[in-house]
Amino acid sequence: MLQYFNPGDRRALFQFADAFSELLEKYDYEEREIVLICIGSDRATGDCLGPIVGHKLRFHERFFTKKGFHVYGTLEKPVHAKNLEASIHFIQLYHPGALIIAIDASLGVANHVGYITLGEGSLCPGVGVDKNLPSVGDIFITGIVNLSGFGSQMLLQTTHLNLVMQLADFISLGIYRSLRNSNLRPALQRAE
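Residues numbered from 1 in each chain as written. Predicted model: local features only at pLDDT ≥ 70, side-chain atom pairs only at ≥ 80, totals over all residues. Heavy atoms only, no water.

Q: A description of the overall build of the protein chain should follow, citing residues and the corresponding values.
A: Looking only at helices and strands, the protein chain features 7 helices and 6 strands. Moving toward the C terminus, one meets the helices and strands of the protein chain in the order β-α-β-α-α-β-α-β-β-β-α-α-α. Across the 192 residues in the protein chain, those meeting the buried criterion constitute 49%. Taking the contacts inside the protein chain whose residues are at least 6 apart along the sequence as the reference set, 74% of them involve residues at least 24 apart. When the accessible area of the protein chain is evaluated, it comes to approximately 9800 Å², of which 51% is carbon and sulfur surface. (Helix = DSSP H or I, 4+ residues; strand = E, 2+ residues; numbered from the N terminus. Buried < 20%, exposed > 50% of the residue type's maximum accessible area, 1.4 Å probe, protein only. Contact = heavy atoms within 4.5 Å. Areas by Shrake-Rupley, 256 points an atom, 1.4 Å probe, with all protein chains shown as cover.)

Listed below in structure tokens is the structure:
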């Protein structure tokens, strides 16, 4: 089931964190490592959502890595079209059985630009710009950064950075709140 969240709505962050927590519980995440793979390139404004989220989550690295959470794809070391397959292979090799959460920018219809989506299943990166890349993830999160359709690659280049930053703030804060407030891992709250 795909869920949409409007960051402009006052309750959206809490609703997102709750929905994300419910998905994590469904996957019995307290028994598994969690890998967040933040996909995108730092060379296109519209495509840098994933690496910015990864960068922001790295600020909480101590919180994440000591408890079986791993973040791949940052501004410093992005996971993009050219290294996605190798990154997936690395994750499968070093984190077998991990719950994988894929985060990426997406394109959509006009009334959903600026929204966050949350869903169950694999993410197909590059579909909006006609790239054939491997799908990844058990859970996916996307930020709709611009319109889909003719000239999608150009639209990614001309996306407003302010919108991307707002979506990245929402996603990273929602993930952090969800994991920090989880009743399933009380040790996480003591780690800080």
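After that view of the structure, there is still more to cover.
Q: Lay out helix α6 (residues 161–180) with the relevant residues and their values.
A: Given 3.6 residues per helical turn, the α-helix brings residues three or four places apart onto the same face. Its 20 residues give α6 an end-to-end C-alpha distance of 28 Å, which sits within 8% of 28 Å, the value for a rise of 1.5 Å per residue. Within α6 the residues assigned to the buried category are Leu163, Val164, Leu167, Ala168, Phe170, Ile171, Ser172, Gly174, Ile175, Tyr176, Ser178 and Leu179. (Expected span 1.5 Å × (residues − 1).)

Q: Help me get a handle on the environment of His80, residues and values and all.
A: Within the secondary structure layout, His80 lies in the loop between β3 (69–72) and α4 (84–94). Each C-alpha atom, one on His80 and one on Gly126, is 9.4 Å from the other, the two residues being 46 residues apart in sequence. When near neighbours in sequence (up to four residues on either side) are disregarded, His80 contacts Gly40 and Ser41.

Q: Describe helix α2 (residues 49–58), with residues and values.
A: When you tally the buried positions in α2, you get 8 out of 10 residues, the bulk of the element. Regarding α2, the residues found buried are Leu49, Gly50, Pro51, Ile52, Val53, Gly54, Lys56 and Leu57.

Q: Explain the side chain of Ser41 to me, using residue names and the numbers behind them.
A: By secondary structure assignment, the location of Ser41 is in the loop between β2 (34–38) and α2. Taking relative accessible area as the criterion, Ser41 reaches 15% and is therefore assigned buried. At 3.0 Å, the side chain of Ser41 forms a polar contact with the backbone nitrogen of Arg43. Beyond its immediate chain neighbours, meaning those up to four positions away, Ser41 contacts Asp47, Cys48, Pro51 and His80. (Polar contact = N/O pair within 3.5 Å; in protein donor to acceptor, adjacent residues only side chain to side chain.)

Q: So what about a nonpolar patch on the surface? Which residues, and what values?
A: There is a patch of nonpolar side chains on the surface, built from Phe90, Leu93 and Tyr94 and spanning about 330 Å² of accessible area. Topologically, Phe90 is positioned in helix α4. Looking at Phe90, the relative accessible area reads 36%, which means it is partly exposed. (Patch = residues over 30% accessible without salt bridge, like charges linked within 9 Å, V, L, I, M, F, W, Y side chains within 5 Å. Salt bridge = Lys/Arg side-chain N within 4 Å of Asp/Glu carboxyl O.)

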